[in-house]
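Breakdown of the fold
The lines below spell out each chain.
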Amino acid sequence: MGKVWFVTGSSRGLGREFVRAALERGDRVAATARDTGSLADLTAEYGDAVLPLAMDVTDPTAVTGAVRRAVEHFGRLDVVVNNAGYAQIGAIEELTGAEVRAQFETNLFGALWVIQAVLPYLREQRSGHIVQLSSAAGLIAMPMGGAYQASKWALEALNETLAQEVAEFGVRVTIVEPGGYATRDGNNPDPLANGHLAQAHPAYAALRERLAGALGGQPAGDPAAAARALLTVVDSAEPPLRILFGQGFYPMLQQVYADRLRTWADWQELSAAAQGTR
């Protein structure tokens, strides 16, 4: 028997490709979106194998209800994909409190509400796989992405903790860290042109221009290839806690982590002194 999926943010982008890949191989999917009209073509093509659910991840009551409906409809959940999210772009000085709070409400708290809603079912059946969509930006930080990156760094910690807490119940956790993917009209999403933009301050105009030139040339990943890769992850007997999707950020990550280790080593004498003696 195929797997039963629960996927948030299914209306477009990677989430939609995950849903389609699962359906194409005969799995069943509870696909959530704010507007289920965006899923009409999938229900027409796959019929009862897909359950469209209207859900806003920032509404914990709606999340609990959607999860309950999915379990009642399919009888179980095997793979839960926390995919819903967006990028708030802007220099730290440019961001408003409302923008940062909204970023965390969707990216962090939305994922938390889904996790808390599905865990009672996964614990009871003593199986399941929670897949958290993070980002390469959940591992490194770059200018203009402070709010987005902070939300993804928080997700990394939340899900690493979760993995340790639920392992004894047979529940697996994988954090997927994609690079740039062609999720908007076939183009590589430019982080300075897409997402939610803070009101620009002229002091950061030159920095914004440099970043646009550097990041705009990054090759776009194929969302369908990412979906095929996710199938391999969820079918693995020993799925990874973390996995990068795409190759563009791997050399950068190697350098960033090497620099962190070197800095800690260089300052180890002072670190030891900061311990003090009693």
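For the structure itself, consult the block above.
What this report covers is the structure whose coordinates are included nearby.

Conventions we followed
Residues numbered from 1 in each chain as written. Predicted model: local features only at pLDDT ≥ 70, side-chain atom pairs only at ≥ 80, totals over all residues. Heavy atoms only, no water. Helix = DSSP H or I, 4+ residues; strand = E, 2+ residues; numbered from the N terminus. Rg over C-alpha atoms; globule rule 2.2 N^0.38 Å. Buried < 20%, exposed > 50% of the residue type's maximum accessible area, 1.4 Å probe, protein only. Contact = heavy atoms within 4.5 Å. Areas by Shrake-Rupley, 256 points an atom, 1.4 Å probe, with all protein chains shown as cover. Lys, Arg positive; Asp, Glu negative; His and termini not counted. Charge placed at Lys NZ, Arg CZ, Asp CG, Glu CD. Pairing = 2+ DSSP bridges. Axes fitted to C-alpha atoms, helices over the stretch in contact; angles between N-to-C directions. Phe/Tyr/Trp six-rings, centres within 6.5 Å; stacked < 30°, edge-to-face > 60°. Lys NZ or Arg CZ within 6 Å of the ring centre and 35° of its normal. Salt bridge = Lys/Arg side-chain N within 4 Å of Asp/Glu carboxyl O. Left-handed = near helix turned anticlockwise from the far one by under 90°. Nonpolar A, V, L, I, M, F, W, Y, C, P; charged D, E, K, R; others polar.

Turning next to the overall build of the chain. A tally of helices and strands in the chain yields nine helices and nine strands. Here the C-alpha radius of gyration of the chain, 20 Å, is about what a compact globule of 278 residues would show, namely 19 Å. If you line up the chain on its principal axes, its C-alpha atoms span 60 × 50 × 35 Å. Considering the chain as a whole, with its 278 residues, one finds that 42% of them fall into the buried category. Within the chain, contacts between residues separated by at least 24 positions form 67% of all contacts whose residues are at least 6 apart in sequence. Accessible surface computed for the chain: about 14100 Å², of which carbon and sulfur atoms make up 53%. Of the charged side chains in the chain, 23 are positive and 30 negative, and the gap between their average positions amounts to 3 Å.

Another point: the environment of Pro-143. Tracing the backbone through its elements, the reader meets Pro-143 in the loop between β6 (128-133) and α5 (146-166). Accessibility expressed as a relative area gives 42% for Pro-143, which makes it partly exposed. Along the backbone, Pro-143 and Ala-91 are 52 residues apart, and their C-alpha atoms lie at a distance of 6.6 Å. Setting aside anything within four residues of it in sequence, one finds Pro-143 in contact with Leu-207 and Leu-211.

If you walk across this open sheet you meet the seven strands as β3-β2-β1-β4-β6-β7-β9, and the pairing is parallel. The outermost strands of the open sheet, each flanked by one partner alone, are β3 (50-54) and β9 (242-245). In this sheet, neighbouring strand axes are inclined to one another by 20° on average, regardless of whether the strands run parallel or antiparallel. Examined bridge by bridge, strand β1 (residues 4-7) and strand β2 (residues 28-33) share four bridges and lie parallel to one another. Counterpart to Val-7 in the pairing with β2 is Ala-31. The sheet strands contacting helix α1 (residues 13-24) are β1, β2, β3, β4 (79-82), β6 and β7 (171-178), and the helix crosses β2 at an angle near 160°.

Here we take up the environment of Val-233. Within the element layout of this structure, Val-233 appears in helix α7 (residues 223-235). Note on Val-233: relative accessible area 5%, which makes it buried. A C-alpha to C-alpha distance of 19 Å links Val-233 and Ala-84, two positions 149 residues apart in sequence. For Val-233, the contacting residues outside a window of four places in its chain are His-129, Thr-174, Pro-239, Pro-240, Ile-243 and Phe-245.

On to the packing of aromatic side chains. Within this structure, the stated rule accounts for one aromatic pair. The ring of Phe-169 carries the charged tip of Arg-123 above its face, separated from the ring centre by 5.9 Å. Geometry around Tyr-257 places Arg-260 over its ring, the cationic atom sitting 4.8 Å from the centre.

On to the pattern of salt bridges, then. Oppositely charged side chains can form a pair if their charged atoms are brought close together. Under the definition given, this model contains 13 salt bridges. With a shortest N-O distance of 2.8 Å, Glu-160 and Arg-242 are connected by a salt bridge. Note that Glu-160 is positioned in helix α5 and Arg-242 in strand β9, a separation of 82 residues in sequence. Take Glu-160: its relative accessible area is 32%, and that puts it in the partly exposed class. Of the charged contacts, one joins Arg-242 and Glu-177 as a salt bridge, the two residues approaching to 3.5 Å between their closest N and O atoms. Taken together, the residues Arg-242 in strand β9 and Glu-177 in strand β7 connect sequence positions 65 residues apart. Salt bridges linked by common partners bring Lys-3, Arg-25, Asp-27 and Asp-235 together as one network.

Here we come to the packing of helix α3 (residues 60-74) against helix α4 (residues 97-125). Where α3 meets α4, the closest approach of the two axes is 9 Å, and the angle between their N-to-C directions is 35°. Once α3 is placed against α4, the crossing between them reads as right-handed. Along the contact surface, α3 presents Pro-60, Val-63, Thr-64, Val-67, Arg-68 and Val-71, while α4 presents Trp-113, Val-114, Ala-117, Val-118 and Tyr-121. Grouping the constituent residues of the contact of α3 with α4 by class yields nine nonpolar, one polar and one charged.

Everything listed is a geometric property; what it means functionally is a separate question.
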